[in-house]
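# An overview of the molecular structure
Take a look at the letters that make up each chain.
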Amino acid sequence: MRTRTTLPALGKLAALAAAALVLAACGGGGSGGGATAPGAGAGGEALTLGFSQVGAESGWRTANTKSVQDAAGAAGIELQFSDAQQKQENQIKAIRSFIQQRVDVIAFSPVVESGWDTVLMEAKRANIPVILTDRAVDSTDTTLYKTFLGSDFVEEGRKAGQWLVEDTAGGSGPVNIVELQGTTGSAPAIDRQEGFAETIAQNPNLKVIASQTGDFTRSGGRQVMEAFLKTHPDIDVLYAHNDDMGLGAIEAIEAAGKVPGTDIKIITVDAVKDGMQALADGKINYIVECNPLLGPQLMDLVKKVAAGEEVPQRVVTEETTFDTAAAKAALPSRQY
């Protein structure tokens with residue numbers, strides 16, 4: 001049987017509707033003046049960030065991932081995370097998936113510099129802003145991304161080279177250097193090599209006699225260093241593009257009966273805990289810092305670009321360098 005709505009019941013419905021309007025005006029994110037929750041997007045909904053990480057190839061990368069995940073949670077931003085396992089094709093698939101999901105912002109750390117224009121144009125056409133983190137791309141169309149947050153890798157290479165120039169000042173004989181490069185085609189590998197080469201050119205006695213990729217991994221560093229030691233018995237210095245490769249090389253040097261830090265001086269980049277411990281122990285001689293804790297800065301940029309605010313096209317992280325004494329002082333409070 002059909003029931004009728006009585007007049008008193010209609011009165012109650014009207015009162016409830018009026019109350020709902022009052023609540024909407026007080027707590028909404030529109031012209032009513034109510035504050036939007038941190039990380040909230042249009043309509044008060046949480047912002048969604050699609051983030052494609054290079055992989056988990058090193059201690060630095062693990063710390064970087066944790067920083068992003070923790071910062072997203074603290075900022076109230078929903079994180080869609082993808083691990084590319086050091087493959088560009090995996091990152092391109094992830095970015096296209098983020099576009100299909102209609103995330104609010106896309107951020108990624110490019111595996112390599114080249115080959116991004118097509119997928120970045122797809123994001124631009126979908127009106128989804130893109131932020132580069134840690135690594136840059138070589139696109140001439142800078143409108144394809146809003147900003148690049150990360151280190152100055154060329155400057156890191158310069159710092160490594162400058163220490164060696166100063167350490168070898170006054171010497172007259174040749175100094176034979178081997179170089180463990182990062183992933184071929186990646187921004188840090190290209191730039192750290194460039195900055196180092198540019199700086200050691202000040203001293204004609206400094207010669208890079210072999211240079212090969214260790215792919216930023218500890219196992220890669222060990223394997224390549226083993227090969228270097230067999231073909232070049234007169235190595236004086238190792239320059240590794242990250243701590244993990246340097247730590248792998250130390251294993252190879254010790255297995256060959258040599259003393260790392262003494263028989264072969266070692267310079268690395270990153271300053272993760274394992275590297276800093278090796279520096280404190282005298283097995284590494286100098287480390288140039290590359291800070292992985294980019295999460296809080298990234299979330300700040302995500303909120304700004306999602307809101308349509310202008311942001312700097314380049315945001316450089318502040319970093320330092322470490323010798324043995326500085327490493328010993330910093331280790332007790334080191335976060336990564």
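Residues numbered from 1 in each chain as written. Predicted model: local features only at pLDDT ≥ 70, side-chain atom pairs only at ≥ 80, totals over all residues. Heavy atoms only, no water.

## Considerations on the side chain of R192
Tracing the chain through its elements places R192 in helix 6 (residues 187-200). Judged by its relative accessible area of 3%, R192 is buried. Side-chain polar atoms of R192 contact the side chain of E156, separated by 2.8 Å. (Helix = DSSP H or I, 4+ residues; strand = E, 2+ residues; numbered from the N terminus. Buried < 20%, exposed > 50% of the residue type's maximum accessible area, 1.4 Å probe, protein only. Polar contact = N/O pair within 3.5 Å; in protein donor to acceptor, adjacent residues only side chain to side chain.)

## Looking at the environment of L279
You can see L279 is positioned in helix 9 (residues 273-280). For the pair L279 and T268, spaced eleven residues apart in sequence, the C-alpha separation works out to 9.6 Å. L279 has contacts with I284, N285, Y286, I287, F322, D323, T324 and A327, leaving out every residue within four places of it along the chain. (Contact = heavy atoms within 4.5 Å.)

## Describing the nonpolar core
Ranked by internal contacts, the top residues of the largest apolar core, which has 30 residues, are L180, M225, F228, L238 and M276. Of all the elements in the fold, those that place two or more residues in this core are strand 6 (175-181), helix 7 (218-231), strand 8 (237-240), helix 8 (243-255), helix 9 and helix 11 (324-330). Judged by nonpolar contacts, the second largest core, of 22 residues, contains V165, I177, I200 and V288. (Core = buried A, V, L, I, M, F, W, Y, C linked by side-chain atoms within 4.5 Å.)

## Some remarks on the sheet that holds strand 8
The strand order 7-6-8-9-10-12 describes an open sheet built from six strands, whose pairing is mixed. Each edge of the sheet is formed by a strand with only one pairing partner; in this case those strands are strand 7 (206-213) and strand 12 (321-322). Bridge analysis of strand 8 against strand 9 (residues 265-270) gives three bridges, and the strand direction is parallel. For Y239, the partnering residue across the bridge sits in strand 9 and is I267. (Pairing = 2+ DSSP bridges.)

## Observations concerning the pairing of strand 10 (residues 286-289)
Neither face of strand 10 is left uncovered, since the one carrying Y286 and V288 and the one carrying I287 and E289 both have all their residues buried. The pairing of strand 9 with strand 10 spans four bridges and is classified as parallel. Bridged to T268 within strand 10 is I287. Each parallel crossover has a hand, and for strand 9 linked through helix 9 to strand 10 it is right-handed. For strand 10 and strand 12, the ladder comprises two bridges, and the chain directions are antiparallel. Considered in strand 12, the bridge of I287 is made with F322. (Right-handed = clockwise from strand over helix to strand, strands pointing away.)

## Section: the confidence of the model for the chain
Confidence in the prediction of the chain, expressed as mean pLDDT, is 89, and 87% of residues score 70 or more. Confidence over residues 1-38 falls short of pLDDT 50; this stretch has twelve contacts with residues more than four positions distant or in other chains. (pLDDT = per-residue confidence, 0-100.)

## Section: unusual backbone geometry
Of note, the phi angle at F216 is positive, near 65°, even though the residue is not glycine. Inspection of the secondary structure assignment puts F216 in the loop between strand 7 and helix 7. Under the relative-accessibility criterion, F216 is labelled buried at 3%. Unusually for a residue other than glycine, A271 sits at a positive phi of about 75°. Using a relative accessible area of 0% as the deciding quantity, one classes A271 as buried.

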